[in-house]
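Coordinate analysis (summary)
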2 protein chains.
Amino acid sequence: MTYSYRVSIKDIAKTAGVSYSTVSRALHDSPLISQEVREQIQKIAESMGYSPNALAQGLQAKRTNSVGLVITTISDPFFADIVNGVEEEAKKAGISVFLATTRNDPDEEIKIIETFSRRRVDGVIVASSRIDTGYANRLEQIHIPVIMVNTESEEGNFIYSASVNNFTGACQGVNHLIELGHRRIGYLGVSNRLVSNKQRLEGYLDTLKKNTIDVDPAWIIINKETSPGELSLDFKIGQELGSEILKTDITAVFCYCDTIAAGVMETCRRRGFSIPQQMSVVGFDDNFICEILYPPLTTIHQPEKEIGQKAMQMILKCLAGDDVEDILLDPHLVIRESTAHPYNRSN
Amino acid sequence: MTYSYRVSIKDIAKTAGVSYSTVSRALHDSPLISQEVREQIQKIAESMGYSPNALAQGLQAKRTNSVGLVITTISDPFFADIVNGVEEEAKKAGISVFLATTRNDPDEEIKIIETFSRRRVDGVIVASSRIDTGYANRLEQIHIPVIMVNTESEEGNFIYSASVNNFTGACQGVNHLIELGHRRIGYLGVSNRLVSNKQRLEGYLDTLKKNTIDVDPAWIIINKETSPGELSLDFKIGQELGSEILKTDITAVFCYCDTIAAGVMETCRRRGFSIPQQMSVVGFDDNFICEILYPPLTTIHQPEKEIGQKAMQMILKCLAGDDVEDILLDPHLVIRESTAHPYNRSN
DNA sequence: TTGTAAGCGTTATCAA
DNA sequence: TTGATAACGCTTACAA
């Protein structure tokens, strides 16, 4: 049968010859209604192609069963995994997710959160947030759970956070290189992920120090600042940093992330440097590209999908009124083939 | 200042000592209101932290300024680019996007679209849809624009479609190999993307035929069927198909997508087959992994982001009441270093 | 220029 | 067991 634009509960009531509160009850399997009438109405609703209006429901229930998810860019596999985890958990709980990207621009981030707020999402998950304390306070006024995943803001106690321990991750990576016998180890970082870069750099420095290795400042190379909102490609950054690092005397390099490492490897190859024989390379993230690269990349595994899931679960808990605690997950080393003893020709 | 849960237009009206329609008008810069009062009210709204309720607005306007985006999985860079394009255009137009993934399961797909329908999204974009005509009719009843991007359903005229020409893409890839001098060329396909795989296979077959090359059935390998909803990793599929193809006498292979190609290359490397010297490899998509691979992958470029943008623009046009036409974009060949003359040792 | 009131589609609280 | 009715927060005729 054909039906008019959008069938409402009133339309059903008219057809069924009952009041619309009766219809509402029937549709909700309310016990205050006769079996017979209920089935009747449900059948009619079905045949009329009724689809409840979630806006109206949300308006009245003050609950939308939706969350907002804010990421920097979808192109980075790192975020893709977070989205995956969030979406999976959301689906289980019958929650829809709004996705928006900031391109690493704090102003964009704020705008997006405002939009989510207007839409009355039940919670917000922000990955790699760069917003400052000033705005954080404003966030708090919204009175919905906000989970910061791997926050990139230096300031403030945020509402809740779920992160990976960047420091220990870097320690593991550098330790691995030291255990292999390397002494001259470089660090390749990025300037536009302030906090995580800093934490990884600290892990690097700390590990070298503990092993009584004096760091040559030339070993540490951070790409130059880009204007806010501009998101240069990590692969390209890696290529550029790679050619810088080849000017030094290092035998191994710890990279901020896998994609940077990929760029470094590409440059090494072009320059005739073989990996791992002449240069050991360690990444961070454990994206799917690690296995595609040649040689497969030794890296620090971040449980990104898990973090996404956990973040979503935290929101659910908040909504249920349960207590939630911040999460700091530990990454772990995954050894592949891009690392070896220094100048080891047998590999 | 602290304020109660959520400030409504009524609260502002009370504070301002006017009726709430006046507030509404002031907030919308209505001309039927005095400059003075307007500024007054806007100031008050601001200070009270007013954030309009998009649910209420949507309910009354019958327009939510939101769209639903359905993809198979976020982990495939192919979809990531589509999401990118959609999101970019949506943002420009002040539209929020709901994202949901199907994991290639048609039942999931239907559920998701039902959910979007309840939320009264203004439009839906579905990538790689597998739903059949039966459901397509139901979709039509919803009376909102639905754009199918690279549909994977064999049946039916859908509402609107935006696709890439898989056939000509494959022709270009295979032609390139033939021009390089290859005669024994393989095809590596997938079973769970029925339509696009079929179209690419047809392009492959057609091109060989036009060049009077008799195809040995052993050259064509499609991975075995997986259960619906199960999404095996293309890289792994590529690795497996790769070892099959090495049993044949081909000198070049055209792969369904870049990730498959990456798997093939990995297998070749393990088996001591050098690329492109002993085996030329062509991919499809032109993901960012093409440049990361060694050697960089020759492939067919799909304008995925553009398709996402176009799909979103089509929805906007529909909503504006303008005519829209289906789109079939042409892919193009991108030559990198994974292809060469057969057994060419000088490269 | 402003206020009143109806309506968007639900759910929930009353009475009946 | 059912039916009015109010309320959710907003926009917009229609009156004043």
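Residues numbered from 1 in each chain as written. Chains lettered and ligands numbered in written order. Predicted model: local features only at pLDDT ≥ 70, side-chain atom pairs only at ≥ 80, totals over all residues. Heavy atoms only, no water.

All names here are of chain A. Reading across from one edge, β7-β6-β8-β9 is the order of the 4 strands in this open sheet, with parallel pairing throughout. Where the open sheet ends on each side, the last strands, each with one partner, are β7 (220-222) and β9 (280-282). With strand direction ignored, the average angle separating the axes of adjacent strands in the sheet is 15°. Pairing geometry for strand β6 (residues 185-189) and strand β8 (residues 252-255), over 4 bridges, is parallel. Following the sheet pairing, Gly186 is matched in β8 by Val253. Seen against the sheet, helix α10 (residues 234-245) touches β6, β7 and β8 and runs at an angle of roughly 150° to β7. Across the sheet, helix α11 (residues 258-270) lies against β6, β8 and β9, angled at about 145° from β8, the strand it touches most. (Pairing = 2+ DSSP bridges. Helix = DSSP H or I, 4+ residues; strand = E, 2+ residues; numbered from the N terminus. Axes fitted to C-alpha atoms, helices over the stretch in contact; angles between N-to-C directions. Contact = heavy atoms within 4.5 Å.)

For DNA strand C, the set of nearby residues contains 26 residues, the closest of which are Ile9 and His28 of chain A together with Ser21, Thr22 and Arg25 of chain B. Taken together, the sugar and phosphate atoms account for 65% of what DNA strand C places within 4 Å of the protein. A distance of 2.4 Å is found between a phosphate oxygen of DNA strand C and a side-chain nitrogen or oxygen belonging to His28 of chain A. Here a phosphate oxygen of DNA strand C sits 3.0 Å away from a polar atom, N or O, in the main chain of Ser19 of chain B. Ranked by residues supplied to the surface near DNA strand C, first place goes to helix α2 (residues 20-27) of chain A with 4 residues. (Near = heavy atom within 4 Å. Polar contact = N/O pair within 3.5 Å; in protein donor to acceptor, adjacent residues only side chain to side chain.)

It is worth spelling out the relation of the copies chain B and chain A at this point. Mapping chain B onto chain A is achieved by rotating through 180° and translating by 0.1 Å along the same axis, at an RMSD of 0.1 Å. Viewed as a symmetry operation, the transformation between the two copies matches a two-fold axis. It is Phe98 of chain B whose C-alpha, among those of chain B, lies nearest the rotation axis, at 2.2 Å. When the interface residues of chain B are mapped onto chain A, 100% of them again lie at the interface, so the same face is used by both copies. (Least-squares fit on C-alpha atoms with pLDDT ≥ 70 in both.)

Scope: geometric values only; no functional claims are made or implied.
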